[in-house]
Amino acid sequence: MTQAANDGPENTLNEGGSAGFRSLAEAPVDFAGIVRDLSGDAKRRQRLVSLGFTPGALIQVLRTGDGGPMLVSIRGSRVALGLDEAGLVEVGEAPPEPSSEEVINQKPVIIALAGQPNVGKSTLFNMLTGLRQHVGNWTGKTVELKSGELVFRQTAFTLVDLPGTYSLTAASEEERIGRDFILQGKPDLVVAVVNATNLERGLYLVAELLSLPPPVILALNMMDVAEEEGYSIEPKVLESAMGIPVVPMAAAKGQGVADLIETIVQFRENKLPYHPQKPSILPAHQKVLDEVMALLDGLSLEGLPLRWVGIKLLEGDEEITRKAKALVRPEVWRKVERILYAHEDAILDIAGARYTWIARMLRAAVFDPPISHGRLTSRLDQVLTHPFWGTLVMLLLLGGVFWLTYSVGSPLQNWLAGLVSDLAGALRTWLAFAPKWTVELVAGGVLGGLGMVLTFLPLLALFYTVLGILEDTGYLSRIAFLADRWMHRLGLHGKSFLPLLLGFGCNVPAILGSRIVESPKARLLTLLLIPLIPCAARTAVVTFLAPVLFGPLAAPVSLGLLAGNLLLLGLAGFVLHRFVFHNEGVPFIMELPLYHVPNVRTIALFVWNNLVGFLQKAGKVILLASMVVWALSYFPNGNINTSYLARVGMLLEPFGKLLGLPWPALVALLTGAVAKENTIATLGVLYGNIGQTLPPILGTAGSLSMLVFQMLFIPCIATLAAMRQETRSWKWTLASAAMMLVLSTVVSAAVYQLARVLLR
Amino acid sequence: MNPSLLSEILGLMKDGRVYSKESLVSALGTSASMADMMIEHLIRAGYLEEIGADAARDLCSLCDQSRRSRAQCTLCQKPGRAFLLTPKGMKQA
């Protein structure tokens, strides 16, 4: 070995040319040396690399620039280079030429480059081998692998670029190729390239590589990106924790490449310690592994290490299992199989040990990772999905939504209601010449009903805006999530979560969506609970009626109603689960959307679409219902108290007394079965300007009872039709409607009676 | 010796102590990336089952808001993945 070969990289590479220059642009004609490093931006460095300017490459200056491009010889090619570009190439003195015997007689050191896709493995490979690359077959294999040559300090290296792979479980062709090469190509060394910004992913592969015979060096690539993103990684600490050499680098910038080569050389010269800390197996499964290895003793499976074969069998690796089965005597294999079946869970410990090992390495070497978008979401969710704090924040936020809606929207709504009332009065005067029923149809039916509903628009616009903001930030799914925590405890199947979530928007798609729940019992339970989810229409009606009936107390009342509704949902789930379905809940984990700044256009479209939808409904269903209700309340003699509607309404009076509701209010609630907004229209037809007329008639207890009844009353007809379609059973459809009717009656009556006692 | 992280996930789920991936990360004291890897591993081993993002998209197509609007809700835009314990996972946990 020559003196140069024994010198460290500082002596041969890092001191620059002895002639007193460092840059290729300054090098004289006939200068012969090596490329030490590259500078400049990534694009220019990439271009230089593609021309063969990689660290360690021999270079000779054929012609200097003298104002024009300079001509150099590198990797057997003549390359013309502008002075600007030449200035980016740092050069140094070439090591003394080894004697030809030294290299020729030396068997090349085979180095496998392993790593996941997109970790910069190919960039590193190109930098190390430049143009000396070829594609070929390896012994016993038909697959082609890219390899390249590198000669450094009299040592010839053959680098093999393995396909990008996440693990060595042979789950894909790439993984199988990579694994086969490491096990059967018998490389002298494996360089595991990992992305420093996603260390845990890369370390899984390293954990697997460490259980194989070839020694491993860790190339910690993309350190520059990791630093930019705020990761603080200590390569030396990681090296101590892992017990293998770790080289920090930024291959795309050419940084650390020379260090990697130097580390490889020093490692080959036994100058570096190597005591790999491998993932351990739990004692219980170590014993099982020993049993399997004892049974397989003497097995020669393509030269694979026996312990590794045993581990893969316990992990259920299909390829290894198939190969081992073919080689082992049937009676022995039956014994092996019995052990494997009895210890099916071994995979959890074996693979789990790798994750535990990764976690240990990360704890040792990664400090204060940055608060990324995902991490910020994670931190926020620690509070926002917490059973207590999350619920508290949810209540505060919803309370805020109602407060904002009412404090800004109610004055506008009151003004519009007054306007509609005045307009109705004016119409009665202007149309005095027309038949009375026509005047009343327009003034009382259309304006009183539809007009009253339209005064609702400012409130709705505000409500949907705030809801849209909460929705677009990703918060609304947390509310559903909080509700589901409790539902889940009540035996709901995990898949029920999605339809229940949809139910907050509209119960109809939620019911249709319940078909994703395969278990018939779990599905039926989901279907029965969906009508208890406060849909947007029901919430919107409460948003309208609460300020009308409770004035400044509207926000806490609305919030209380919503919370009470969710509580009842939980109770109903508990009862149905406990006494009817006896379901076993299937635990689940879900990924919640990341929080983000709301988009104005998205919210505007959300509000616009909802308002248009509401207006379309108002122009059809609500207008028609208003006219029908008006006709029934006007005919036969123009007096509401003796109208057809009154005759039906009177029948409901005993029921109404229980709830503290007069028959017109009950009729209004009944019309909500067609569409929830009809309740408001009917109240408008029967009571006129309800802001002035309704509160004194109902009183506080009656008002509370009305709102509770409205929240829990039977679902709208569309929901019931969807229910019939999905259950294909009238029995369950009617059972659902009956359940809601009973619940709404019992709870409203209880609220009314309690409120009367408390408010007396 | 403590159970492995994979067994710990199954145990946490069975006991109802984790519901979201975020709470899982917090309970295990790991990173989101680690949680992803372990969940994928458990799916491959048959202990967890994923409710496909397709299911969420199908549900979104049933929603009036989604049908009418070019501005879909956050769930429709980025349907979160959900993972269930399989019978094998339930038995193991």
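All values derive from a computational prediction rather than experimental measurement.

Engineer: I keep staring at helix 3 (residues 32-44) of chain B and nothing clicks. Help me out?
Structural biologist: Three or four residues apart is the spacing at which side chains of an α-helix point the same way, because the helix has 3.6 residues per turn. Between its terminal C-alpha atoms helix 3 of chain B stretches 18 Å, which fits the 18 Å expected from 13 residues at 1.5 Å a residue. For helix 3 of chain B, the complete set of buried residues consists of Ser33, Met34, Ala35, Asp36, Met37, Met38, Ile39, His41 and Leu42 of chain B. At its buried positions, helix 3 of chain B is contacted by helix 8 (199-209) and helix 16 (346-365) of chain A together with helix 1 (5-14), helix 2 (21-28), strand 1 (48-51) and strand 2 (82-85) of chain B. Remark: Gly46 of chain B follows helix 3 of chain B within two positions and exhibits a positive phi of approximately 85 degrees.

Engineer: How should I be thinking about unusual backbone geometry in this particular structure?
Structural biologist: Note: most peptide bonds trans; most residues except glycine with negative phi. All names here are of chain A. Of the consecutive residues Phe635 and Pro636, the connecting peptide bond is found in the cis state with omega at 10 degrees. In this structure, Pro636 sits in the loop between helix 27 (600-634) and helix 28 (644-651). Although it is not a glycine, Lys186 adopts a positive phi angle of roughly 45 degrees. If you trace the backbone, Lys186 turns up in the loop between helix 7 (173-184) and strand 10 (189-195). For Met222, which is not a glycine, the phi torsion comes out positive at approximately 65 degrees.

Engineer: Help me understand the packing of aromatic side chains in this model?
Structural biologist: Two aromatic rings, taken as a pair, are described by how far apart their centres are and by the angle between their planes. Residue and element names in this part refer to chain A. Scanning the model with the defined rule gives twelve aromatic pairs over all chains in all. Summarising the aromatic geometry, the rings of Phe402 and Tyr406 are spaced 5.9 Å apart at their centres and angled 20 degrees between planes, so their arrangement reads as stacked. Pair noted here: Phe402 and Tyr406 are both in helix 18 (residues 389-430), with a separation of four residues, about one helical turn. Since its relative accessible area comes to 2%, Phe402 is described here as buried. Measuring from ring centre to ring centre gives 6.3 Å for Phe402 and Phe463, while their planes differ by 20 degrees; the resulting arrangement is stacked. Of this pair, Phe402 sits in helix 18 while Phe463 sits in helix 20 (residues 457-473); the two residues are 61 residues apart in sequence, bridging distant segments of the chain. Here Phe402 matches Phe463 in class, with each residue buried. Each residue in the set Phe402, Tyr406, Phe463, Tyr464 and Phe606 is aromatic and connected to the rest through ring pairs, giving one cluster.

Engineer: Would you mind going over the pattern of salt bridges with me for this structure?
Structural biologist: Side chains that differ in sign of charge can pair as their charged atoms come close. Residue and element names in this part refer to chain A. Counted by the stated rule, this structure contains 16 salt bridges over all chains. With a closest N to O distance of 3.2 Å, Glu315 and Lys312 form a salt bridge. One end of the pair is Glu315 and the other is Lys312, both in helix 13 (residues 306-315) and three residues apart, which spans about a single turn. The same class applies to Glu315 as to Lys312, namely buried. The partner of Glu726 in a salt bridge is Arg523, and the shortest N-O contact between them spans 2.7 Å.

What counts as what
- Residues numbered from 1 in each chain as written.
- Chains lettered and ligands numbered in written order.
- Predicted model: local features only at pLDDT ≥ 70, side-chain atom pairs only at ≥ 80, totals over all residues.
- Heavy atoms only, no water.
- Helix = DSSP H or I, 4+ residues; strand = E, 2+ residues; numbered from the N terminus.
- Expected span 1.5 Å × (residues − 1).
- Buried < 20%, exposed > 50% of the residue type's maximum accessible area, 1.4 Å probe, protein only.
- Contact = heavy atoms within 4.5 Å.
- Phe/Tyr/Trp six-rings, centres within 6.5 Å; stacked < 30°, edge-to-face > 60°.
- Salt bridge = Lys/Arg side-chain N within 4 Å of Asp/Glu carboxyl O.

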